[in-house]
Amino acid sequence: MRTLARRAKTSEMQRFHKAQSIQRRLEEIEVTYKELEDKGVVLEQVLRGEEDSCGSPAMIDQWVHLVHQKNALVSEESDLMVASRQLELEDKQSTLEMELRQYELDDSEKTVEQQAEEERVLQDMLEVVDMRNSLVAFLDENRLQEMESDEQQATSLLEVKRDPTASAGAQVYWA
């Protein structure tokens, strides 16, 4: 029993450290995102100011790179939020497992209240497992959508590079 408690404590500490690192990274992303937005606003103003040339290819490349970085940060932030939620669910599942260990008696030795409580804990555990499965499905769906979006962006950016006047229809607003 002590070994189980020790493992649970170790696992809890690992989740705690992971949660701290997720929080730190989310804060870093917020700062970086703000910096990219500021750069993007300035670059977009410069590009819009060059009406004759529709922006130099180097400036358009720089703008595209900023948009790509911004999208990557948004994607990473989303992944971190899901990872944070997974940690919360892991914590809840661990707590429920500890509660369930209290009911390791033979069914004939349990009171009606103990049986009802054990059933509630088992039901809660099933809900947590379902939520964790939903998160995994959500991540898979997001990955597919991101891949499709990246392909579409790459195609439209190639068109803009081939024909800079085609960029008039493309709108990305930073601020």
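Everything numeric here is computed off the predicted structure, so don't read it as measured data.

> Tell me what's going on with the overall build of the protein, and back it up with residues and numbers.
What the protein contains, in helices and strands, is three helices and zero strands. Taken from the N to the C terminus, the helices and strands of the protein come in the order α-α-α. When contacts within the protein are restricted to residue pairs at least 6 apart in sequence, long-range pairs at least 24 apart make up 74% of them.

> Got a sec to walk through the UniProt feature "coiled-coil region" (unreviewed entry) in the protein? Specific residues and values, please.
In the numbering used here, UniProt assigns the "coiled-coil region" (unreviewed entry) feature to residues 19-46. End C-alpha atoms of residues 19-46 are separated by 41 Å, and the span's content is 100% helix alongside 0% strand.

> A description of the nonpolar core should follow, citing residues and the corresponding values.
As a rule of thumb, nonpolar side chains are buried together in soluble globular proteins. Counting residues in each nonpolar core, the largest one holds 16 residues, and the members touching the most others are Ile 22, Leu 43, Leu 47, Trp 63 and Leu 80. Elements with a contribution of two residues or more to this core: helix H1 (2-49) and helix H2 (57-101). For this core, the element with the highest residue contribution is H2, accounting for 10 residues. The next biggest cluster of nonpolar side chains, apart from the first, holds eight residues, and it includes Val 121, Met 125, Val 128 and Leu 139.

> Residue-level account of the packing of H1 against H2, with values.
A pair of packed helices is captured by two measures, namely the crossing angle of their axes and the spacing between those axes. Here H1 crosses H2 at 160 degrees, and the two axes come no closer than 8 Å. Comparing the axis directions of H1 and H2 gives the class roughly antiparallel. Our pair here, H1 against H2, has a crossing hand that is left-handed.

> Break down H1 for me, citing the residues and quoting the values.
With 48 residues, H1 extends 70 Å from end C-alpha to end C-alpha; this agrees with the ideal 70 Å at 1.5 Å per step. When H1 is considered as a whole, its buried residues turn out to be Ala 8, Arg 15, Ile 22, Leu 26, Ile 29, Leu 36, Gly 40, Leu 43, Glu 44 and Leu 47. Buried residues belonging to H1 abut H2.

> Any chance you could break down the pattern of salt bridges for me, citing the residues and the numbers?
Pairing between side chains of opposite charge can happen when the charged atoms of each approach one another. Inspection of every chain in the model, using the stated rule, returns 13 salt bridges. Here Arg 25 makes a salt bridge to Glu 76, at a shortest N to O gap of 2.7 Å. Residue Arg 25 is found in helix H1, and its partner Glu 76 is found in helix H2; the two are separated by 51 residues along the sequence. On the basis of relative accessibility, which here comes to 27%, the residue Glu 76 falls in the partly exposed class. Two residues, Asp 79 and Arg 143, come together in a salt bridge whose shortest N-O distance is 2.3 Å. Highlighted residues: Asp 79 in helix H2 and Arg 143 in helix H3 (residues 112-162), separated in sequence by 64 residues. With a relative accessible area of 35%, Arg 143 lands in the partly exposed category. One network of salt bridges, with partners in common, ties together Glu 99, Glu 117, Arg 120 and Asp 124.

Analysis parameters
- Residues numbered from 1 in each chain as written.
- Predicted model: local features only at pLDDT ≥ 70, side-chain atom pairs only at ≥ 80, totals over all residues.
- Heavy atoms only, no water.
- Helix = DSSP H or I, 4+ residues; strand = E, 2+ residues; numbered from the N terminus.
- Contact = heavy atoms within 4.5 Å.
- UniProt positions renumbered as here; feature names shortened; annotations may be inferred.
- Core = buried A, V, L, I, M, F, W, Y, C linked by side-chain atoms within 4.5 Å.
- Buried < 20%, exposed > 50% of the residue type's maximum accessible area, 1.4 Å probe, protein only.
- Axes fitted to C-alpha atoms, helices over the stretch in contact; angles between N-to-C directions.
- Parallel < 35°, antiparallel > 145°, perpendicular 65-115°, else oblique.
- Left-handed = near helix turned anticlockwise from the far one by under 90°.
- Expected span 1.5 Å × (residues − 1).
- Salt bridge = Lys/Arg side-chain N within 4 Å of Asp/Glu carboxyl O.

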